[in-house]
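Commentary on secondary and tertiary structure
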Amino acid sequence: MASQGSEEIAEQTEEAEATHDGDCLSISPAEEMPADGPGDGEPEQLLLPWDRFSAWLHCICVVGFDLELGQAVEVIYPHHSKLTEKEKMSICYLSFPDSNSGCLGDTQFCFRFRQAAGRKSSLGCFLDHFDRDAPVCLKRDQGHFYGYVYFRQVRDKTLKRGYFQKSLVLISKLPYVTFFHSLLKLIAPEYFEKQEPCLEAACNDIDRWPTPYPGKILSLPIMGVVMKLRIPTCYDKPGTSQLVQSTSSDSLVSVVLPTIHEVDLFRCFYPVFFHIQMLWELVLLGEALVVMAPSPAESSDTVLALVSCIAPLRYCSDFRPYFTIHDSEFKEYTTRTQAPPSVILGVTNPFFAKTLQHWPHIIRIGDMKQTEMAKQMKVKKLKNLKTLDSKPGVYTAYKPFLNKDDDIIKQLQKGVQQKRPSEAQNAILRRYFLELTQSFIIPLERYVASLMPLQKSISAWKSPPHLKPFVQEEFMKTLEKAGPQLTSRLKGDWIGLYRQFLKSPNFDGWFRNRRKEMIQKLEALHLEALCEEDLQQRIQKHTEVETVDLVLKLKDKLTQAEREKLPVGAGTLAKLQTHIDSIILSLPEDLQGILHKPATP
Amino acid sequence: MKKASGISSEPSAFIMSVLPPVRKDRIISQLPKCFSKGAALHTEDGFHAKVKTACQEQRTGTVGFKISKVIVVGDLAVGKTCLINRFCKDVFDKNYKATIGVDFEMERFEVLGVPFSLQLWDTAGQERFKCIASTYYRGAQAIIIVFDLTDVASLHHTRQWLEDAMKENDPTNVLLFLVGTKKDLISPAQYSANVQDAINVAQEMKAEYWAVSSLSGENVKEFFFRVASLTFEANVLAELEKSNSRRIGDVVKISNTTSNLYATSKKKQPNCCQ
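Conventions adopted
- Residues numbered from 1 in each chain as written.
- Chains lettered and ligands numbered in written order.
- Predicted model: local features only at pLDDT ≥ 70, side-chain atom pairs only at ≥ 80, totals over all residues.
- Heavy atoms only, no water.
- Helix = DSSP H or I, 4+ residues; strand = E, 2+ residues; numbered from the N terminus.
- Buried < 20%, exposed > 50% of the residue type's maximum accessible area, 1.4 Å probe, protein only.
- Contact = heavy atoms within 4.5 Å.
- Areas by Shrake-Rupley, 256 points an atom, 1.4 Å probe, with all protein chains shown as cover.
- Axes fitted to C-alpha atoms, helices over the stretch in contact; angles between N-to-C directions.
- Parallel < 35°, antiparallel > 145°, perpendicular 65-115°, else oblique.
- Left-handed = near helix turned anticlockwise from the far one by under 90°.
- Pairing = 2+ DSSP bridges.
- pLDDT = per-residue confidence, 0-100.
- Salt bridge = Lys/Arg side-chain N within 4 Å of Asp/Glu carboxyl O.
- Right-handed = clockwise from strand over helix to strand, strands pointing away.
- Phe/Tyr/Trp six-rings, centres within 6.5 Å; stacked < 30°, edge-to-face > 60°.
- Lys NZ or Arg CZ within 6 Å of the ring centre and 35° of its normal.

1. Some details on the overall build of chain A
Within chain A, the regular secondary structure consists of 20 helices and 15 strands. In chain A, which comprises 601 residues, the share counted as buried stands at 54%. Sequence-distant contacts in chain A: of pairs separated by 6 or more residues, those separated by 24 or more amount to 75%. When the accessible area of chain A is evaluated, it comes to approximately 27400 Å², of which 54% is carbon and sulfur surface.

2. Let's talk about the packing of helix α16 (residues 505-532) of chain A against helix α18 (residues 544-564) of chain A
All names here are of chain A. Between α16 and α18, the least distance of the axes is 11 Å, while the angle of their chain directions is 135 degrees. Classified by the interaxial angle, the pair formed by α16 and α18 is oblique. Of the two elements, α16 crosses α18, and the hand of that crossing is left-handed. Residues Gln520, Glu523, His526, Leu527 and Leu530 of α16 form the contact with α18, whose participating residues are Leu554, Lys557, Gln560, Ala561 and Glu564.

3. Focus on the side chain of Ser439(A)
Residue and element names in this part refer to chain A. Position of serine 439 among the secondary structure elements: in helix α13 (residues 422-449). Overall, serine 439 belongs to the buried group, its relative accessible area being 4%. The residues touching serine 439, leaving out its near neighbours within four places in the chain, are Pro484, Thr487, Ser488 and Tyr498.

4. What to know about the sheet that holds strand β7 (residues 217-222) of chain A
Residues and elements named next belong to chain A. Strand order in the open sheet formed by three strands is β7-β8-β10, and the pairing between neighbours is mixed. The open sheet is flanked by β7 and β10 (254-256), the only strands paired with a single partner. Pairs of neighbouring strands in the sheet enclose a mean axial angle of 25 degrees, with direction left out of account. Judged from the three bridges that link them, strand β8 (residues 225-230) and β10 form a sheet pairing that is parallel. Of the residues in β10, the one forming a bridge with valine 226 is serine 254.

5. Concerning the confidence of the model for chain A
Residue and element names in this part refer to chain A. With 83% of its residues at a pLDDT of 70 or more, chain A shows a mean pLDDT of 83. Segment residues 1-42 is flagged for pLDDT under 50; beyond a separation of four residues in sequence, or across chains, it makes 99 contacts in the model. Under a pLDDT of 50 for its full length, residues 245-249 has, in the predicted model, eleven contacts with residues more than four places off or in other chains.

6. Remarks on the pattern of salt bridges
All names here are of chain A. One pass over the full model with this rule turns up 40 salt bridges over all chains. Between aspartate 236 and arginine 230 there is a salt bridge, and its shortest N-O distance comes to 2.9 Å. Residue classification places aspartate 236 among the buried positions, given a relative accessible area of 7%. Linking glutamate 564 and arginine 563 is a salt bridge whose minimum nitrogen-to-oxygen distance equals 4.0 Å. Here glutamate 564 falls in the partly exposed class, since its relative accessible area comes to 27%. The exposure class of arginine 563 is exposed, given its relative accessible area of 55%.

7. Some words on the pairing of strand β6 (residues 175-181) of chain B
Residue and element names in this part refer to chain B. Taken across its seven residues, β6 has seven buried, putting it largely inside the fold. Of the two faces of β6, the one carrying Leu175, Phe177, Val179 and Thr181 and the one carrying Leu176, Leu178 and Gly180 are both buried. In the sheet, strand β5 (residues 142-148) pairs with β6 via seven bridges, with the strands oriented parallel. Counterpart to isoleucine 145 in the pairing with β6 is leucine 178. Pairing of β6 with strand β7 (residues 208-211) involves four bridges; the strand directions are parallel. From the neighbouring strand, leucine 178 faces β7, where its bridge partner is tyrosine 209. After leaving β6, the chain enters helix α8 (residues 188-205) and then returns to the sheet as β7, a path that is right-handed.

8. A look at the packing of aromatic side chains
According to the stated counting rule, one finds 54 aromatic pairs over all chains in the structure shown. Here Phe109(B) and Phe225(B) contribute two aromatic rings whose centre-to-centre distance is 5.9 Å and whose plane-to-plane angle is 80 degrees, an arrangement assigned as edge-to-face. Taken as a pair, Phe109(B) in strand β3 (residues 102-111) and Phe225(B) in helix α9 (residues 220-249) lie far apart in primary sequence, 116 residues in all. Look at Phe109(B) and you get buried, because its relative accessible area is 0%. Through a chain of ring-to-ring contacts, the aromatic side chains of Trp280(A), Phe440(A), Tyr447(A), Phe470(A), Phe475(A), Tyr498(A), Phe501(A), Phe507(A), Trp510(A) and Phe511(A) assemble into a single cluster. A cation sits over an aromatic face here: Arg26(B) above Phe87(B), 4.0 Å from the ring centre. Lys69(B) extends its terminal NZ or CZ atom over the ring of Trp121(B), reaching a point 5.2 Å from the ring centre.

So, in structure tokens, the structure goes:
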């Protein structure tokens, strides 16, 4: 949504909402899409076996513990999935808890690791475009894989080690954390009981799923139930859910997921909730941040909560919900010879308390099961973090730019006293972050929109005009009149916050994306202008050579528009094709033959 | 002076979730007849009067339960997948392809003007997948037990299939259908010689008997319409009863978690077939 945050889109979304009385769309169970769904014009029937599976998952791994080898990937399913040795190694270490935290019973957590260099995506074009309409934070992760883990550790006297320890791990490029955890809850317990046929059946189920198109209500049959969900689009009004369960009577048959990616912010931030606003700043600015937690579940939840608290902005630096000393980036990230990198790490191994002692911001989370409220209001000094049993809290010397918002803290505290349900607390906190981020980003959106050239400067016979450059001081000047003070009552050094933000990877990522969209829009407008021209009349004044040149250029434009899926109006491309065809027809026959050949991309 | 808008005019996301109407050939306005009066779930001529009135008065809106899970079980290669494919896709593939784990189809109907869907879970007949089958059996409202009319052993195995499927379900809420397939492969004389055996089995398990051919399509549509109609009828009746008792008690009990629901249904494990 960040990329679309200008006023016009906001109006557009509101209009769409208004027609539905701003209501959530509820679907009754009978209104299910057939598993194949209408293809949206996409040639779904052309998909090969495992294509559908690959749209959701890279593979499923089983990681066990071998007394001689240590952790090992026991099974990879489907068997043809490729993982490099390095990737397998990462999966092995990241799928097990790395501290003596116990974790008896079943635990779920997630990790993220770099994909090996030089990996080719065999499905390239097919997978590139289906998430075009997804919000930036829900797009496929290009350089990383996510691992979603269901770990079981139970006493078993029949085993030499005395314990059964195994993880079922879903490897995917999709950041749908809540969805994959729900999926694992359905598959993993069955798998631990019934072994490989269960995996085979689950994969077969998944390979029959519709592709994960944003905006459609998807029905996904798995293990005897149908999961129903909707992947949000970047056109949705942020903070609204489109899918609610209308009846609970069919809960044995269907599971409706109200969200596919949102974590419970309140639960995750509970141990440090006096500092949420400062944490928001630290994440926004891409500061080096480490979360030290007692278990992988807590570390990964907290890291994901941090990353998502600046939504709809995308957190552009690396983040590792669960990071171990075996990680291939361990040296790179912990070196003392350079300043700590702009990353967020979640760790559980006590060893990190020493290794990362020099990091500027450390969040220490206690055991979340102990429902003790964060008592310490004060930020702690880093030098106090020496021993393993340091108390929960935030350890930093950072001075926030914005003044502290006591209202939200009071509101949440009141909720705790009144035993307000966690979901309600979460909704309050989520809305708070959303408003804060939007107040911050709207002035930037507005300024960037002003970099777009005027409509009249677009001419069919000139190349598309360039965007104006982003000039920091010019932007700062706009803040006087149209700054965040329009939408936020928070006082403080907003200017300082912007200055710092403009230097951060998050700004860089946001601006690149915004710029790309605007350039594509210019190309599209240019293309539309071309279509409106009377090309026949134009070529009469030109030589044959120039006409051929025009045909080739138009063909280029057409392929570009199709390849990049430019946001052109309906029918524009067909119109352009007609233009091309009729120009070719006006040429001598021998030339016609050559030009009619399909363009080679 | 108009600024070039940076925004594309995309269709609203909301339109996409509006469903296409139910296919014309999936509209049921009368209760289809049973196949054999000797082994039918009931032999009434039409839908239950209460159901008809409820649908007319659109009181099913409060029912809010318009989806049923149907599982299809039976021996290896008796033609479970073919049966479903004939009905759902109107195709017949002569090549045999074993089902891995489970296949799934969703079929939408309109019964007495009310939208109604069947989730069809087509389970694997292979021994290898038997261990996982129970996962897929849960919460079924109709069980279709399939055997091969040309293979007597497959008829005998239906009792075992039923027993396995019932372990996960509440016998008072499940409708049973016993279906003989490959009718085209058997001569009329052979058929009439064997039919009584099948009817006996059906009576014993309180199932409705059907004989079909997925190759020719004989009785396939009729059979699934019957399944849809009877599950729909049972559904509406059950819901009407529930809302009646609610009205009397004047208290609506809300069960708070799905896991509780599951726990109670598990306790009432049936033992009818043992």
